[in-house]
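Here are the chains, one letter per residue:
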Amino acid sequence: MAGNEWINGYLEAILDTGTAGTIDYQQQRLLESSPARRIVAVNATKYFIQEVVSGFDETDIHQTWMKATVCRNSKERSARLENLCWRIWHISRKRKQIEWANTQRVADRHFEHEQGRKDAADDLCEDHPEADLHSDIAGTRLSRNSSETDVRKSFNEGQHKDKCLYIVLISLHGLVRGENMELGRDSDTGGQVKYVVEFARALAMMPEVYRVDLLTRQILAPDVDRSYGEPTETLAPGSYDCCGDEVGESSGAYIVRIPCGPRDQYLRKELLWPYIQEFVDGSLTHIVNMAKALGEQITGGDSVWPYVIHGHYADAGDIAALISGALNVPMVLTGHSLGRNKLEQLLKQGRQSKTDINTNYKIMRRIEAEEFSLDTAELVITSTRQEIEEQWGLYDGFDLKLEKVLRARIKRGVSCHGRHMPRMAVIAPGMDFRSVDQEAFDILEGEIEGEGIPVAPPSPKPEPPIWSEVMKFFTNPHKPMILALARPDPKKNLATLVKAFGESKPLRELANMTLIMGNRDDIDTMPGTSSNILTIVLKLIDKYDLYGQVAYPKHHKQNEVPDIYRLAAKTKGVFINPALVEPFGLTLIEAAAHGLPMVATMNGGPVDIQKTLSNGVLVDPHDEQAIATALIKLVADRLLWGECRRNGLKNIHMYSWPEHCKTYLSKISLCKRKQPLWQNNFSNHSTEDNSQEDSLKDVEDISLQLSDDGEVPENVEKGKQIYDKQLSIVATEQKLIGLEKLQNCKFPFLRRRKKVCVLAIDSYDSNKASKNMLAAVREIFTACKMGLTGFILSTAMTASETLSALAEDGIPVTDFDALVCNSGASLYYPSMSFNSQVHLVPDYDYDHHIDYHWNSDGIRKAMSRLTFSEAGDLPIIIEEELRSSTHCVAYRVNTANMVKVDEYRRLLRMRGLRCHIIYCLNTTKLHIVPLLASRSQAIRYLFVRWGMDIGNTVVFVGETGDSDYEQLLSGIHKIIVLTGLVPHRAAGKEDVVHTTGTREDVVPSESNNNLVATSCEAIAAALSKVSFQV
C-alpha cells in the first residue's frame, strides 16, 4: 500500500465494511413505504468512497492503485484492494467527466439564451429601427421607475385607502396550521409553512386589506392531527378597520383547506402533482363564492375578486397560474426553492443520473410548473438579488437583460409584440417579534464589556424546560454555545459543521455546540435521507469524541425555539447556518432578533442579510477550516461579538412583518389591474326573457380596451371577418349578425344548467370529425336524455369545420350550448336569429380574456426562424392561413420530421413569447394559442362566467387525443372514456406530442371520477355510477 495514509485508511475501512448492511434505492423506497417504515443500516461503503473521491486528487488515487498492483500477492485481501483502487480511480475520472458535461450543458444553455435574445431584438427593431435595442440587451442598467418611497406614497394615497383588498395565498404541501406548527416533522413542513402563515396573519393587519385566504390541502389522514382536516381556521379576525369601524364578518386571515387527492393520506410533495387540477377546481369554487360574499359586505353587490393570486413554491405556482387564467386577475409567485438550481446541484455531485433524479424528485414536472408560473406571473418575489441572477436566470422563461429591454419599451409606450418577462422584486421575509424578550436583551446589553451600563437584577422567572434538556449534554454548560438549527438534510451541511468543530482543538476548548435537528423518536423509522444524515452526525461525534461538548436533543416544540436562541445569547454564543445554498435564511433573522451574531454560508440569502444587519461573518460552506476560524473569531473577540450583536438588534426592524407587508403591497400595486370583463351575476333566473336580457348585457359591452402591456388588442372587426371567413365555407349566406338583431339566444340557458356534458373526443378522419365521433355524439345525447342537461363541444376543428361535420350528420348545432373550437382559442354560442337561421355568436369577452400577452404576428416571426429542418431547406411546419384565426396560428405538420412540443415551447419562452402549443387532428396540425386559452381552461371560464357547476360536469374523451388531452383528465369533474374511437399514435410519437413528465405526473392513477364506456347503455350506466342523474 502506498500514497496518502488517509486514502489507505479509507480503503481499509471499505474492505472491512464491504457491502454488508447496504441497501439500494428501490429497496429503500419499498421499506419506507411499508407500515413499519424501517430503514436498514446506513451505507458506510458509499460514505467512505465519497470521502476518497471528493477529498483527494485523482493522481494520488492512481498512484495508490499502481502501488497495489506492484505489491500484488496471492492473498484475497490484496486482490480486493487492487480491484477497489481501480474502481475508485474510475469513479474519480467519471466525476471529472460529469463536471465537464455540466460545464458544456451550461455553455449550451447560455448560447441558446443569447440566440433567443438576438432573435427577439431583431424582431423588436423592425418597428423602431432607430432604437439600439442590441445595446440595451447588452447590459445597460435601466433606472428604476420610481423609488420605493414614492411607490409606497402613491399606493397609500391611491384608491386603496379603504379596507377593501382580497388577497389569496396558496401553499399546497406540508402540514399547515396557525398554532403549534410541526416544523421539521418532515422535509415538506419547514420554513415555508411558517412564512406563509405569518405572512397571511400580518397582511390581514394592514389597513388596506379586508381578507386574506391561505389555501392549502385538506388532510384527514389518521397519522396526522385532525386539525389539518378542518375546512377553515382563523389566523387573525378582522372585526374592525383602521378607524375603529366594524367591518364584515368575513374579514381577517384564514387558512382554507381544499380537498385534493386521497382524503385519508398525507402525501409528500412529489406525489401531489396528479391532483393539481382537482385543487384548482376546488379553489375556484371557494373564490367565486367568497367574491360574492365580500361583494355584499364591501360594495353592496358587485363581486370583489382577488387583488392578486400568490403561489408559493412550484406546485402552488402551477395552481395560481391556472386560477389566475380562469379569473383574469394578476398572479404573483414566490419560488422559495427552485427546481433547476436543485437539479444543477445534484448533477454536479455526480451521484445520480438525470433519470434517477427525476424518478426520485419529479424534478422535470417541477421545473415545467415553475416555467409555466413564470409565463403567467406579473411579479416574482425573491428574497435576494442572487436568487434573481443565479437561480431564476437558469430558466428558459426569464432573461434579465431582455426583461430590462421590454420594461424600457413599455415605459416609452412602444409595443412589445406580445413578449413578456415578469418583474422581479427583492423583498426580504418578515419576522414575528412577539416572542422576543426585550427585557432579557436589555440585561445582556449591560453585560457587554466596556458599556458601563448597570446590569439589572435577574428576573425571578424560572428557566425554560428546554434549557435543561440542552445543558444536560454538556460537561461545562457555561461555555459559549455555537447553535445550529436545521432539519437533517444534505444541503444543510451539518456533517461539515461537526467536522469543523471536531478538528479544531481551540474551538472545542472555547465553546460547546448545540444541534437542533428537528424532532425524532427512532432514527430507524425516519425517512431515509434524514436517517442517513443523523447517523453520519452521530458517528462524527463519536469519531472526534465530542461527548460532553455537543448537544443534540431529540424533541423540542416550536414555541421553545425562542428560548433556545435566548440560551445561546445568554452564554454569549454564535448562531451558524452552514448550508451549501440558503435561499434566504430566516433563522439568521430570528437569531439576530435574540441578540446572536452569525456565521453563515456565502451562497444565497445570507449575503443580503449581512449587508443589512452587519452582524457576522460569511464563509465558504465547503471550507471546514474557514468555518472554524470564523467561529473562533466571533466567540473569542468579546468586542467584535458585542458589536455584531448590537448591529443586529439595531437593524432588525428592517425585517419586521409590517415593513415586509408595506413593501409587498406597494409592489403588487404596480401589477396591471385585471378582472373578469363581464357583468357578474350568478343568480338563477326564473324566466327565459330575464336570462336573455342579462346575457345580452354581458356581451354588449365590447368597447376597445388596452391589454396588459399597454398594447391595443387586435380589432374586434378583424375577428369578425375571420369568423365570417370560416363560416362562409359552410354556407355563404350565413353571416355573424349584430347583437341588436339577436333573438332567442340560447347561451343564457347555460347558467341554469344543473348538469353539463362536455364532448372532447379527438376522433378525426382527414382533418374532420370521424363517423365514430359523430355516432358517439348521438349516443351521448340519447343516454343523457336531452332536457335540462347542457352540452358543450370541445374540439381542435375550426368553427366552419365543426358546423360542416354536424350538418353532414344531421345533428343540429343548437343542441349544444357552446362550442369550444381551435383547441380552446375560440368560444361560440349557437343561437337562432329572427328568421330562424342558425348563427354562432362569438364570446368577445373570452377573446379579451385570452388576449393576455398575445400577439400572433410575433409568434409567426419567431416560428419562421424555427421551422426548418437541420438541412435548412425543408420547412418542418407550414402555416395554414385558412385555419388560423385571431387567437390561433395553425400549421400543417411534416409528420416525418416532428419537433417535440417541449422544444417549441422552450425556444419561444427564450424569446419572451408565452403560449400553448398543441399537436392536434391526429398530429397532422400544430396549433399555437394564447397562454390563457385551452380546452380545460375554457371549461373553467364557463364555470366562472355562467355559474356552471364543475362538480356536476361530465367530460367525454377517447382513450387518447391531442397533446392537451391529459389536461382534461383530472379535476373535480367526472370523466367517461369512450373506447375504440381514437386510434393510438404510432410508436415514437408519444414523446413528441406530450409535455414534460409522464402521464402519472398529470393524471391520477386511480380515481372514482374516471369510468370507461363502450356503448350507449354503458354510457348511461357510467353516468349513473358518477351520480350524474339525468
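In this text, all values refer to a predicted model and were calculated from it rather than measured experimentally. (Residues numbered from 1 in each chain as written. Predicted model: local features only at pLDDT ≥ 70, side-chain atom pairs only at ≥ 80, totals over all residues. Heavy atoms only, no water.)

Moving on, we get to the overall build of the protein. A count of helical and extended segments in the protein gives 36 helices and 29 strands. Summarising the internal contacts of the protein: among those between residues at least 6 apart in sequence, 74% fall at separations of at least 24. (Helix = DSSP H or I, 4+ residues; strand = E, 2+ residues; numbered from the N terminus. Contact = heavy atoms within 4.5 Å.)

This brings us to the packing of aromatic side chains. The final tally for this structure, using the stated rule, is 11 aromatic pairs. With a centroid separation of 5.5 Å and an interplanar angle of 25°, the aromatic rings of Y195 and F199 are classed as stacked. Taken together, the residues span about one helical turn, with Y195 and F199 both in helix α8 (residues 191-204) at a distance of four residues. The two residues Y195 and F199 agree in class, both being buried. Ring centres 4.9 Å apart and planes at 70° place the aromatic pair Y846 and Y941 in the edge-to-face group. Of this pair, Y846 sits in helix α31 (residues 844-849) while Y941 sits in helix α34 (residues 935-946), and the two are 95 residues apart along the sequence. As far as the burial class goes, Y846 and Y941 line up, both buried. (Phe/Tyr/Trp six-rings, centres within 6.5 Å; stacked < 30°, edge-to-face > 60°. Buried < 20%, exposed > 50% of the residue type's maximum accessible area, 1.4 Å probe, protein only.)

Applying the stated criterion across every chain, the model contains 43 salt bridges. Across the salt bridge formed by E371 and R340, the nearest N and O atoms sit 3.3 Å from each other. Linking E371 in helix α13 (residues 363-376) with R340 in helix α11 (residues 339-349), this pair joins segments that are 31 residues apart in sequence. On the basis of relative accessible area, E371 is assigned to the buried category, the value being 1%. R340 sits in the buried class, given a relative accessible area of 13%. Across the salt bridge formed by E403 and R407, the nearest N and O atoms sit 3.0 Å from each other. (Salt bridge = Lys/Arg side-chain N within 4 Å of Asp/Glu carboxyl O.)

In this section: the packing of helix α24 (residues 624-636) against helix α25 (residues 638-651). Closest axis-to-axis distance for the α24/α25 pair is 5 Å, and the angle between their directions is 90°. On the basis of their axis angle, the class for α24 and α25 is roughly perpendicular. Within the contact between the two elements, α24 uses K633, L634 and A636 and α25 uses R638, L640, W641 and C644. Broken down by class, the residue content of the contact of α24 with α25 amounts to five nonpolar, no polar and two charged. (Axes fitted to C-alpha atoms, helices over the stretch in contact; angles between N-to-C directions. Parallel < 35°, antiparallel > 145°, perpendicular 65-115°, else oblique. Nonpolar A, V, L, I, M, F, W, Y, C, P; charged D, E, K, R; others polar.)

Take unusual backbone geometry next. With a phi angle near 65°, H336 is a residue other than glycine that sits in the positive phi range. Within the secondary structure, H336 sits in the loop between β6 (331-334) and α11.

Our focus in this paragraph is the sheet that holds strand β12 (residues 574-577). Pairing is parallel across the open sheet formed by six strands, whose spatial order is β11-β10-β9-β12-β13-β14. Each having just a single partner strand, β11 (550-551) and β14 (616-619) make up the two edges of the open sheet. Two strands pair when backbone bridges link them, and strand β9 (residues 481-485) and strand β10 (residues 512-516) are joined in this way by five bridges, in the parallel orientation. Looking at β10, one finds that L483 is bridged to T514. The strands touched by α24 are β9, β12, β13 (598-601) and β14; relative to β14, the strand with the most contacts, the crossing angle is about 175°. (Pairing = 2+ DSSP bridges.)

Before going further, it helps to spend a moment on the pairing of strand β24 (residues 889-893). The buried count for β24 comes to four of five residues, which makes it a mostly enclosed element. Sheet topology places strand β23 (residues 877-879) next to β24; three bridges connect them, and they run antiparallel. Considered in β24, the bridge of E879 is made with Y891. The pairing of β24 with strand β26 (residues 925-930) spans four bridges and is classified as antiparallel. Bridging from a neighbouring strand, V889 pairs with I928 of β26.

Once that is clear, we can look at the environment of Y664. Topologically, Y664 is positioned in helix α26 (residues 657-668). Note on Y664: relative accessible area 1%, which makes it buried. Spatially, the C-alpha atoms of Y664 and L203 are 9.2 Å apart, while their sequence positions differ by 461 residues. Filtering out sequence-adjacent residues up to four positions away, Y664 remains in contact with I167, L169, F199, L203, V308, H310, I381 and I427.

Looking at the secondary structure, you find S970 in the loop between β27 (953-957) and β28 (974-978). For the pair S970 and N1010, spaced 40 residues apart in sequence, the C-alpha separation works out to 8.8 Å. Look past the residues within four positions of S970 in its chain and what remains in contact with it is P274, Q277, V1002 and P1004.

So, on to the sheet that holds β24. One open sheet accounts for four strands, arranged β23-β24-β26-β25; its pairing is antiparallel. At either margin of the open sheet sits one strand with a lone partner, and together these are β23 and β25 (915-920). Within the sheet, the average angular offset between the axes of one strand and its neighbour, ignoring direction, is 25°. As defined by bridge partners, β25 adjoins β26 across six bridges and the pair is classed as antiparallel. What sits directly across from C915, in β26, is P930. Docked against the sheet, helix α32 (residues 856-866) engages β23, β24, β25 and β26, running at close to 25° with respect to β24.

As a further point, take the environment of A783. Here A783 shows up in helix α29 (residues 771-784). When the C-alpha atoms of A783 and L1023 are compared, they prove to be 8.5 Å apart, with 240 residues separating the residues in sequence.

All right, on to the packing of helix α22 (residues 586-593) against helix α23 (residues 606-613) then. Between α22 and α23, the shortest axis-to-axis distance is 10 Å and the interhelical angle comes to 25°. In this view, α22 runs roughly parallel relative to α23, as classed from their interaxial angle. Seen from above, α22 lies across α23 with right-handed handedness. Residues L588, I589 and A592 of α22 touch α23, and the partners they reach there are P606, I609 and L613. Here the residues of the contact of α22 with α23 sort into six nonpolar, no polar and no charged. (Left-handed = near helix turned anticlockwise from the far one by under 90°.)

Looking now at the pairing of strand β5 (residues 308-312). With five of five residues buried, β5 lies mostly within the body of the structure. Neither face of β5 is left uncovered, since the one carrying V308, H310 and H312 and the one carrying I309 and G311 both have all their residues buried. Taken together, the four bridges between strand β1 (residues 165-170) and β5 define a ladder with parallel strand orientation. Each bridged residue has a counterpart across the sheet, and for V168 the counterpart in β5 is I309. Sheet analysis places β5 next to β6, joined by four bridges and oriented parallel. Directly across from G311, in β6, lies its bridge partner L333. In the classification by handedness, the crossover that spans β5, the intervening helix α10 (residues 313-327) and the parallel β6 is right-handed. (Right-handed = clockwise from strand over helix to strand, strands pointing away.)

Moving on to helix α21 (residues 561-570). By the criterion of burial, α21 is predominantly enclosed, with nine of the 10 residues buried. Looking only at α21, the buried set comprises V561, P562, D563, I564, Y565, R566, L567, A568 and A569. K572, located one to two residues past α21, shows a positive phi value of around 60°.

Right, let's get into the nonpolar core. Counting residues in hydrophobic clusters, the biggest one holds 142 residues, and the most contacted among them are I170, F816, F956 and L978. When residues in this core are grouped by element, the largest group, 10 residues, is from α10. Inspection of this core shows a minimum of three residues originating in each of domain 2 (161-401) and domain 4 (820-1026). Sequence-distant contacts of F956, defined by excluding residues within four places in its chain, comprise C757, V758, L759, A760, I761, I780, I976, L978, I1019 and L1023. With 37 residues, the next largest nonpolar core counts V498, L540, L631 and W641 among its residues. (Core = buried A, V, L, I, M, F, W, Y, C linked by side-chain atoms within 4.5 Å. Domains from an automatic or database assignment.)

Now for α29. When the terminal C-alpha atoms of α29 are compared, their 20 Å separation across 14 residues agrees well with the 20 Å that a helix rising 1.5 Å per residue should span. Positioned one or two residues after α29, K785 has a phi angle of 50°, which is positive. (Expected span 1.5 Å × (residues − 1).)

Taken as a whole, the protein shows an average pLDDT of 80; of its residues, 74% reach a score of 70 or greater. Scored below 50 in pLDDT, residues 19-42 makes 30 contacts in the model with residues more than four places away or belonging to other chains. Note that residues 135-149 has pLDDT below 50 and, in this model, 23 contacts with residues that lie over four places away or in other chains. (pLDDT = per-residue confidence, 0-100.)

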